[in-house]
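Working through the structure, step by step
Next come the chains, spelled out residue by residue.
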Amino acid sequence: MSLVLDPAAQDLLFREARTANTFTDEPVTEEQVQAIYDLVKFGPTAFNQTPLRITLVRSAEARERLVQHMAEGNQAKTAAAPLVAILSADNEFHEELPTLFPAFPQAKDVFFAERPAREGSAMLNAALQAAYFIVGIRAAGLAAGPMTGFDAQGVRKEFLDDDHTPLVVVNIGKPGEGASYPRSPRLPYDQVVTTV
């Protein structure tokens with residue numbers, strides 16, 4: 001094997017990790033979420049931008065408001081998960097670039113002065129960060145249940161503002177009974193990789 005990562009860690013993060021649909025009632029602590037973020041914040045993005053925003057839905061009242069905006073098949077599991085996170089893209093991320101990208105602080109104005117350019121970059125880079133966040137959840141020994149089946153405009157109005165675009169809602173916790181579907185196939189290497 002050409003990988004330097006320990007095989008047990010490979011299994012934890014990828015081969016044995018699964019999207020969870022049920023969870024135990026064991027809580028997910030603030031310390032766990034902090035540790036996850038402190039690990040995944042180092043994932044690469046363009047210009048070191050950090051457009052991902054994480055809204056933790058902890059209160060029963062907020063959970064009820066969120067469940068109303070989830071697709072029918074996602075409502076029960078969102079209501080029952082120990083923790084739910086709304087991951088969104090901050091379309092005003094460029095304001096932080098002079099601090100986050102000191103090698104070229106002018107990037108804020110040179111590349112991101114126009115809102116459409118910011119929105120496209122925010123969506124792409126926040127999606128990268130969301131993927132890192134899911135891997136970080138797995139690194140913490142937890143399972144993630146990421147979902148895009150929700151009313152994005154409703155979630156934005158209820159929890160965010162016009163400068164934030166909701167990307168994915170993630171249920172987080174220890175997997176419960178029958179948490180995952182059987183593993184679905186993946187495309188083989190030669191169907192994906194081309195050499196030119």
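Only a predicted model underlies this, so the values are computations on that prediction, with no experimental measurement involved.

1. Things to note about the overall build of the protein
Scanning the protein from terminus to terminus reveals nine helices and four strands. The N-to-C order of helical and strand elements in the protein reads α-α-β-α-α-β-α-α-α-β-α-β-α. What you see for the protein is a C-alpha radius of gyration of 18 Å, in line with the 16 Å of a compact globule of 196 residues. Its C-alpha atoms put the protein at 50 × 50 × 35 Å along the principal axes.

2. Re the pattern of salt bridges
Two side chains with opposite charge may pair up if their charged atoms get near one another. Here the structure, examined in full by the defined rule, presents 13 salt bridges. The partner of aspartate 38 in a salt bridge is lysine 41, with the nearest N and O atoms 3.6 Å apart. Overall, the relative accessible area of 31% leaves aspartate 38 in the partly exposed class. Of the charged contacts, one joins arginine 115 and glutamate 119 as a salt bridge, the two residues approaching to 2.8 Å between their closest N and O atoms. Taken as a pair, arginine 115 and glutamate 119 lie in helix α7 (residues 115-139) at a separation of four residues, close to a single helical turn. Put simply, Glu92, Arg115, Arg118, Glu119 and Asp163 are held in one network by salt bridges that share partners.

3. Section: helix α8 (residues 152-159)
The complete set of buried residues in α8 reads Gly154, Val155, Arg156 and Phe159. If you follow the buried residues of α8, they end up packed against α3 (60-67), β2 (83-90) and β4 (164-173). Sitting at the head of α8, aspartate 151 places a side-chain oxygen 3.3 Å from the backbone nitrogen of glutamine 153.

4. Focus on the side chain of histidine 164
Residue placement: histidine 164 occurs in strand β4. Judged by relative accessible area, which is 15%, histidine 164 ranks as buried. In this structure the side chain of histidine 164 is engaged in a polar contact, spanning 2.7 Å, whose partner is the side chain of aspartate 161. Other than its neighbours up to four places away in sequence, histidine 164 contacts Arg53, Ser88, Ala89, Asp90, Asn91 and Arg156.

5. Points about the nonpolar core
Soluble globular proteins tend to pack their nonpolar side chains together in the buried interior. With 25 residues, the main nonpolar core has Leu87, Phe133, Ile137, Val170 and Ile172 as its most contacted residues. Put simply, the parts of the chain that give this core at least two residues each are α2 (30-40), β2, α6 (107-112), α7 and β4. It is α7 that provides the largest number of residues to this core, a total of six residues. Setting aside its immediate chain neighbours within four residues, isoleucine 137 contacts Ile36, Leu142, Ala143, Ala144, Val170 and Ile172. Counting residues in hydrophobic clusters, the runner-up holds 17 residues, among them Phe23, Leu66, Met147 and Phe159.

6. Describing helix α4 (residues 72-80)
Within the sequence span of α4, burial applies to Asn74, Lys77 and Thr78. End-on, the buried residues of α4 take up no more than an arc of 105 degrees, which puts them together on one face. Among the exposed residues of α4, those pointing more than 90 degrees away from its buried face are Glu72, Ala76 and Ala80. The elements touched by buried residues of α4 are α3, β2, β3 (143-147) and β4.

Cut-offs used in this document
- Residues numbered from 1 in each chain as written.
- Predicted model: local features only at pLDDT ≥ 70, side-chain atom pairs only at ≥ 80, totals over all residues.
- Heavy atoms only, no water.
- Helix = DSSP H or I, 4+ residues; strand = E, 2+ residues; numbered from the N terminus.
- Rg over C-alpha atoms; globule rule 2.2 N^0.38 Å.
- Salt bridge = Lys/Arg side-chain N within 4 Å of Asp/Glu carboxyl O.
- Buried < 20%, exposed > 50% of the residue type's maximum accessible area, 1.4 Å probe, protein only.
- Contact = heavy atoms within 4.5 Å.
- Polar contact = N/O pair within 3.5 Å; in protein donor to acceptor, adjacent residues only side chain to side chain.
- Core = buried A, V, L, I, M, F, W, Y, C linked by side-chain atoms within 4.5 Å.
- Arc of directions from axis to C-beta.

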